[in-house]
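Coordinate analysis (summary)
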Amino acid sequence: MFRVENLKNPKLHPFKIIEIDGKIEEIIDEEDEKLKALKDEWGDEIYNAVIVALKELNEYNPSGRFVVPELWNYKEEEKPHSKRLIYIILDFIFVIVIEDLGEIGDFEILYL
């Protein structure tokens, strides 16, 4: 039986290394016995969710498979782009500064 704890186990490594167009890639080994058992027991939907989780864990922390928090844009269902993150952070800091300082001397604040 496949359990969630198996995802955190670094001994579970259902990946194989292949070469595509001269580039080394690490892909899921669909012949892995534990993954086959998972698919047989729980079906395609759960299997695909586990595959996505394994790929993400391997991408962010392949050595230890520790869970890593990540910002997520639920509206667009993707990670926010760096440019957008910088805008959000600066806007947040700007609002805090304005609330703390009130008026800023002889300067007028312009929103772009």
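For the structure, see preceding data.
These figures come from a predicted structure and were not determined experimentally.

Across six bridges, the pairing between strand 1 (residues 15–20) and strand 2 (residues 23–28) is antiparallel. Residue pairing across strands places Phe15 opposite Ile28, the latter belonging to strand 2. Between strand 1 and the antiparallel strand that follows it, strand 2, lie two residues; Asp21 among them carries a positive phi value of about 55 degrees.

This paragraph deals with the packing of aromatic side chains. Summed over all chains, the structure comprises zero aromatic pairs. Looking at Lys39, its charged tip hangs above the ring of Tyr47, at a distance of 4.8 Å from the centre.

Before going further, it helps to spend a moment on helix 3 (residues 44–60). With 17 residues, helix 3 ought to run about 24 Å at 1.5 Å a step, and its terminal C-alpha atoms sit 24 Å apart, in line with that. Looking at the buried residues of helix 3, the elements they touch are helix 1 (5–8), strand 1, strand 2 and helix 2 (33–42).

Scoring rules and cut-offs
- Residues numbered from 1 in each chain as written.
- Predicted model: local features only at pLDDT ≥ 70, side-chain atom pairs only at ≥ 80, totals over all residues.
- Heavy atoms only, no water.
- Pairing = 2+ DSSP bridges.
- Helix = DSSP H or I, 4+ residues; strand = E, 2+ residues; numbered from the N terminus.
- Phe/Tyr/Trp six-rings, centres within 6.5 Å; stacked < 30°, edge-to-face > 60°.
- Lys NZ or Arg CZ within 6 Å of the ring centre and 35° of its normal.
- Expected span 1.5 Å × (residues − 1).
- Contact = heavy atoms within 4.5 Å.

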